[in-house]
Amino acid sequence: MAEALLRFELRKRRCRGIEVASAGTWAMNGNSASAEAISVLRDMGVDLDEHRSRPIAVEELDSAALIVAMTSVHVREILSLSPGVERKIRLLKELEKLVPSQASESPAERLAGMLAVARPRRRRALDVDDPMGLPMSSYERCVSELETGIRALADVLCGPVAGNS
């Protein structure tokens with residue numbers, strides 16, 4: 001859901017040249033999104049029908065400019081695959097606290113600024129709860145949490161939207 005929501009936000013902002021990919025620490029290759037995830041995003045105008053899961057590839061971790069994880073467990077699992085990527089991993093729910101205070105011109109400078117901001121102390125509240133197998137209200141709550149972090153990330157990647165900063 002996070003990948004589709006970020007792509008949707010980037011399209012709304014007409015922000016181009018940013019590669020977005022998602023992969024799971026325990027994902028099987030080729031599974032579709034749950035019916036609940038498809039439904040909750042469809043209600044927002046976001047298409048998740050064609051999404052297929054895939055496991056993380058170490059090469060992608062190593063080449064990524066930013067790795068956004070949903071939970072601290074995911075962070076540990078990513079680091080077990082590629083210990084050298086720690087400096088570029090952030091939890092989605094910490095992103096809104098990491099937007100650099102100084103505006104800069106380029107997305108690369110804004111991203112570097114975000115990665116340089118002191119991170120909040122890790123705590124359970126920074127993990128996104130997985131709604132899989134739970135009622136639709138859990139998917140709706142999850143999407144709300146995802147949207148906050150995604151807007152903050154899009155502000156860094158694309159520049160803030162007027163009235164959003």
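Residues numbered from 1 in each chain as written. Predicted model: local features only at pLDDT ≥ 70, side-chain atom pairs only at ≥ 80, totals over all residues. Heavy atoms only, no water.

**Student:** Hey, could you run me through the overall build of the protein chain in this one?
**Tutor:** Per the secondary structure count, the protein chain includes six helices and two strands. From first element to last, N terminus to C terminus, the protein chain shows the α and β order α-α-α-β-α-β-α-α. Here the C-alpha atoms of the protein chain give a radius of gyration of 15 Å, agreeing with the 15 Å that 2.2 N^0.38 yields for 165 residues. Put simply, the protein chain has 165 residues, and 40% of those count as buried. When contacts within the protein chain are restricted to residue pairs at least 6 apart in sequence, those whose partners lie at least 24 apart make up 63%. If you sum the accessible surface of the protein chain, you get close to 9600 Å²; carbon and sulfur atoms cover 51% of it. (Helix = DSSP H or I, 4+ residues; strand = E, 2+ residues; numbered from the N terminus. Rg over C-alpha atoms; globule rule 2.2 N^0.38 Å. Buried < 20%, exposed > 50% of the residue type's maximum accessible area, 1.4 Å probe, protein only. Contact = heavy atoms within 4.5 Å. Areas by Shrake-Rupley, 256 points an atom, 1.4 Å probe, with all protein chains shown as cover.)

**Student:** Looking at this model, I keep getting lost on the state of the cysteines. Mind explaining?
**Tutor:** By definition, a disulfide links the sulfur atoms of two cysteines through a covalent bond. For the structure shown, the criterion picks out one disulfide. Cys-15 shares a disulfide with Cys-158; S-S distance 2.2 Å. Judged by the sign of its S-S torsion, about -105 degrees, the bond between Cys-15 and Cys-158 is left-handed. Of this pair, Cys-15 sits in the loop between helix 1 (2–12) and helix 2 (35–42) while Cys-158 sits in helix 6 (residues 136–158), and the two are 143 residues apart along the sequence. In this structure Cys-158 comes out as partly exposed when scored by relative accessible area, which is 23%. (Disulfide = S-S within 2.5 Å.)

**Student:** Sorry if this is basic, but what is going on with the pattern of salt bridges here?
**Tutor:** Should the charged atoms of two oppositely charged side chains come close, the side chains can pair. Counted according to the given criterion, the structure contains eleven salt bridges. A salt bridge links Arg-7 to Glu-3, with the shortest nitrogen-to-oxygen separation between them at 2.9 Å. Taken together, the residues Arg-7 and Glu-3, both in helix 1 and four residues apart, mark about one turn of the helix. On the basis of relative accessible area, Arg-7 is assigned to the partly exposed category, the value being 35%. For Glu-3, a relative accessible area of 18% puts it in the buried group. Between Asp-49 and Arg-42 there is a salt bridge, with the nearest N and O atoms lying 3.0 Å from each other. Taken together, the shared-partner salt bridges in this structure form one network comprising Glu-9, Lys-12, Arg-13 and Asp-155. (Salt bridge = Lys/Arg side-chain N within 4 Å of Asp/Glu carboxyl O.)

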